[in-house]
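Inside the fold
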Amino acid sequence: RLLQEACKKLTNLQFVLHISSVAALDHLKEQHNVKEEDGPKQGTLHYPVPLTEYKASYDIFKRRCEESIANVCFQHKVADCHIRLSAIFSDDPNCFQYQAMDLQRRVSSYMPQPIDCNSGANISRAVHCLLLRSEQPKTQMQRVYHYTRPLLLPKPVPYAYYMHQYRISNNIGRLTSIWLPVWFYTGFVALLHWLAQSTIHYYLK
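Throughout what follows, the structure given in this document is the object of discussion. (Residues numbered from 1 in each chain as written. Predicted model: local features only at pLDDT ≥ 70, side-chain atom pairs only at ≥ 80, totals over all residues. Heavy atoms only, no water.)

**Structural notes on the environment of Cys73**
Tracing the backbone through its elements, the reader meets Cys73 in helix 2 (residues 57-75). Overall, the relative accessible area of 0% leaves Cys73 in the buried class. The residues contacting Cys73, other than those within four sequence positions of it, are Leu3, Val16, Val78 and Asp80. (Helix = DSSP H or I, 4+ residues; strand = E, 2+ residues; numbered from the N terminus. Buried < 20%, exposed > 50% of the residue type's maximum accessible area, 1.4 Å probe, protein only. Contact = heavy atoms within 4.5 Å.)

Put into structure tokens, the structure is as follows:
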């Protein structure tokens, strides 16, 4: 609604950059290092599966956001671009990912699942570059960009890699931290979920 109003009031509006997420592609579905170059041609928004197959509410929300913004921009003849991001880390203690790492700084599990993460500094530079590029006349831009990890990481790395880097940057050594077995960690989390659900069901009776 706000974008619709802005398009009506701002007669000189020429470009909208939407900060989106890989969740718009149903990110709970297993991915296989799909490359941006392998997707559809410029000027299209592509989704690998229909919306009815999405499992997570957040993913549905992010896809509908992209589609709504694209529709409004199309109606008002405004160029739009969507940059899909992964998890973002920052040195700011208010950052959600920072807080999650901080909780595990002494005791954690070496989770082997590969995941894409990026830094807040990298994301800021990417957004700035896209905005500068949009101001250049006759610039060819894609409708969608994916920026999910730094270029120094050629492929996704285990979540534990980021935990290990966090410990190194905060001078937390092997003598003051431990890695729990994955089976113990997953079992403990499952137990907590069961207790939480049982407690809720008990009070709802």
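**Some remarks on helix 4 (residues 120-134)**
Since the α-helix packs 3.6 residues into each turn, any two residues three or four apart lie on the same face. If you check helix 4, its first and last C-alpha atoms are 21 Å apart, about what 15 residues at 1.5 Å a residue would give, namely 21 Å. Taken as a whole, helix 4 has its buried residues at Asn122, Ile123, Ala126, Val127 and Leu130. The arc that holds the buried residues of helix 4, viewed along the axis, is 135°, so those residues lie on one side. Residues of helix 4 that are exposed and angled more than 90 degrees away from the buried face: Ser124, Arg125 and Cys129. In this structure, the buried residues of helix 4 make contact with strand 1 (15-21), strand 2 (79-85), strand 3 (87-89), strand 6 (117-119) and strand 7 (144-147). (Expected span 1.5 Å × (residues − 1). Arc of directions from axis to C-beta.)

**Examining the pattern of salt bridges**
All told, the structure shown has 5 salt bridges when counted by the stated rule. Linking Arg143 and Asp80 is a salt bridge whose minimum nitrogen-to-oxygen distance equals 2.9 Å. A residue pair is termed long-range when its members are at least 10 positions apart, and Arg143 in the loop between helix 4 and strand 7 and Asp80 in strand 2 qualify at 63 residues. When its relative accessible area of 11% is taken as the criterion, Asp80 is described as buried. (Salt bridge = Lys/Arg side-chain N within 4 Å of Asp/Glu carboxyl O.)

**Focus on the packing of helix 3 (residues 96-103) against helix 5 (residues 159-169)**
At a minimum axis separation of 10 Å, helix 3 and helix 5 run at an interaxial angle of 80°. On the basis of the axis angle, helix 3 is roughly perpendicular to helix 5. Between helix 3 and helix 5, the contacting residues are Tyr98, Ala100, Met101 and Asp102 on the first element and Tyr159, Tyr162, Met163 and Tyr166 on the second. Residues that form the contact of helix 3 with helix 5 fall into these classes: 7 nonpolar, no polar and 1 charged. (Axes fitted to C-alpha atoms, helices over the stretch in contact; angles between N-to-C directions. Parallel < 35°, antiparallel > 145°, perpendicular 65-115°, else oblique. Nonpolar A, V, L, I, M, F, W, Y, C, P; charged D, E, K, R; others polar.)

**Remarks on the packing of aromatic side chains**
Counted by the stated rule, this structure contains 5 aromatic pairs. Where Tyr58 meets Phe61, the ring centres are 6.5 Å apart and the plane angle is 40°; that geometry is what we call tilted. Within this pair, Tyr58 and its partner Phe61 are both found in helix 2, separated by 3 residues, close to a single helical turn. For Phe61, a relative accessible area of 48% gives the class partly exposed. Between Tyr110 and Trp179 the ring centres are 5.2 Å apart and the planes differ by 65°, which places this aromatic pair in the edge-to-face class. Placement of the pair is Tyr110 in the loop between strand 4 (107-109) and strand 5 (114-115) and Trp179 in strand 9 (residues 178-180), with a sequence separation of 69 residues. (Phe/Tyr/Trp six-rings, centres within 6.5 Å; stacked < 30°, edge-to-face > 60°.)

**Observations concerning unusual backbone geometry**
Not every positive phi belongs to a glycine, and Asp26 is a case in point at roughly 65°. Mapped onto the elements, Asp26 comes out in the loop between strand 1 and helix 2. Residue classification places Asp26 among the buried positions, given a relative accessible area of 6%. Residues other than glycine seldom take positive phi values, yet Asn171 does so here, at roughly 55°. Mapped onto the secondary structure, Asn171 falls in the loop between helix 5 and strand 9.

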